[in-house]
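What follows is the residue order along each chain.
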Amino acid sequence: MSDSATGQAADQQVKPTIVLVHGAFAESSSWNGVIAELERDGFRTIAAANPLRGVASDAAAVSALIGSIHGPVVLVGHSYGGPVITEAAKGKGDVKALVFVAGFAPDKGESSLTLSGQFPGSTLGEALLPVKRPDGGQDLYIQPEKFHEQIAADIPAAQASLMAATQRPVAEAALAEPSGAAAWKIIPSYSIYGSADRNIPPAVMKFMAERADSVKTIVVEGASHALMVSHPAEVTSLIEEAASAE
């Protein structure tokens, strides 16, 4: 093997694996644009299937996935995926960074619902479609006709329509479930969000990033809640910066 090939192989080995965790009303393919750019740049990526049933149980699923990965990991969480990565990172020494993409970064005892209501501006409640489950619980969807405006106003309508049709519901109880100890207090965190987010008020995300002493925070002007779809280059750049930090 040539010296250059050996160097490339070594570089491949030291690069962290990027684990992408989607949030409510989404699924793993929402990361496709980001995955394409990360893999182009030599990063191994895994888009975890977030069950969307409850913070602790969802985090346990992601934590098990992390346990199967050799080497360093960067956890990336979108929206409700933020609480999940915050919980999943606990006790995982190989997690070198947390990246919140329009994501909640809760402290102990906080939930997605309590945080989203901390500042005015969210219109999510008006767009929800509740569906009763046989076990007595309730799942929440976004009304398809409101999905584009609510979640993804800065992507083409046809693409938003596909996202609405393939959305996965979140258990209402999951959004109300309090978080445990916050991993961002001991693991470096990064934040990116859009100034036109209608799900989580930008003021909330600014507050959380500042509280977490975010290493770097990016506000994408005019970006919607689905900025990993509408602005994959900016999201990828921040993830790679977190992955490359010493």
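Residues numbered from 1 in each chain as written. Predicted model: local features only at pLDDT ≥ 70, side-chain atom pairs only at ≥ 80, totals over all residues. Heavy atoms only, no water.

Novice: Would you explain the packing of helix α2 (residues 32–40) against helix α12 (residues 232–244) in this entry?
Specialist: Between two packed helices, the angle of one axis relative to the other and the distance separating the axes together describe the packing. Where α2 contacts α12, the axes come no closer than 9 Å and their chain directions differ by 50°. In this view, α2 runs oblique relative to α12, as classed from their interaxial angle. For the element pair α2 and α12, the recorded crossing hand is right-handed. Counted together, Gly33, Val34, Glu37 and Leu38 of α2 and Pro232, Ala233, Val235, Thr236, Ile239 and Glu240 of α12 form the full contact between these two elements. (Axes fitted to C-alpha atoms, helices over the stretch in contact; angles between N-to-C directions. Helix = DSSP H or I, 4+ residues; strand = E, 2+ residues; numbered from the N terminus. Parallel < 35°, antiparallel > 145°, perpendicular 65-115°, else oblique. Left-handed = near helix turned anticlockwise from the far one by under 90°. Contact = heavy atoms within 4.5 Å.)

Novice: Help me out: how do you make sense of the side chain of serine 191 in this one?
Specialist: The topology assignment puts serine 191 in strand β8 (residues 189–194). Discounting chain neighbours no more than four positions away, the residues touching serine 191 are Phe100, Ala209, Ser214, Lys216, Thr217, Ile218 and Leu238.

Novice: Sorry if this is basic, but what is going on with the packing of helix α7 (residues 144–151) against helix α8 (residues 157–166) here?
Specialist: Viewed as axis vectors pointing N to C, α7 and α8 meet at an angle of 120°, and their least axial separation amounts to 9 Å. In terms of orientation, α7 and α8 fall into the oblique class. Both α7 and α8 take part in a crossing whose hand is right-handed. Between α7, through Pro144, Phe147 and His148, and α8, the contact on the second element is made entirely by Ala157, Ala160, Met163 and Ala164. Residues that form the contact of α7 with α8 fall into these classes: six nonpolar, one polar and no charged. (Nonpolar A, V, L, I, M, F, W, Y, C, P; charged D, E, K, R; others polar.)

Novice: Explanation requested: the sheet that holds strand β1 (residues 17–21) in the structure shown.
Specialist: Within a sheet, neighbouring strands are paired by backbone hydrogen bonds and run either parallel or antiparallel to one another. Spatial ordering of the open sheet is given by β2-β1-β3-β4-β8-β9, a layout of six strands whose pairing is parallel. Of all the strands in the sheet, just β2 (45–48) and β9 (216–220) have a single pairing partner and so form its edges. Taken pair by pair, the neighbouring strands of this sheet meet at an average axis angle of 15°, ignoring direction. Across four bridges, β1 lies against β2 in parallel orientation. By the bridge assignment for β2, valine 21 is matched with alanine 48. Lying over the sheet, helix α4 (residues 81–88) contacts β1, β3 (73–78) and β4 (95–101), oriented at roughly 150° with respect to β3. In the packing of helix α10 (residues 202–211) onto the sheet, contacts are made with β8 and β9, and the angle to β8 comes to roughly 170°. (Pairing = 2+ DSSP bridges.)

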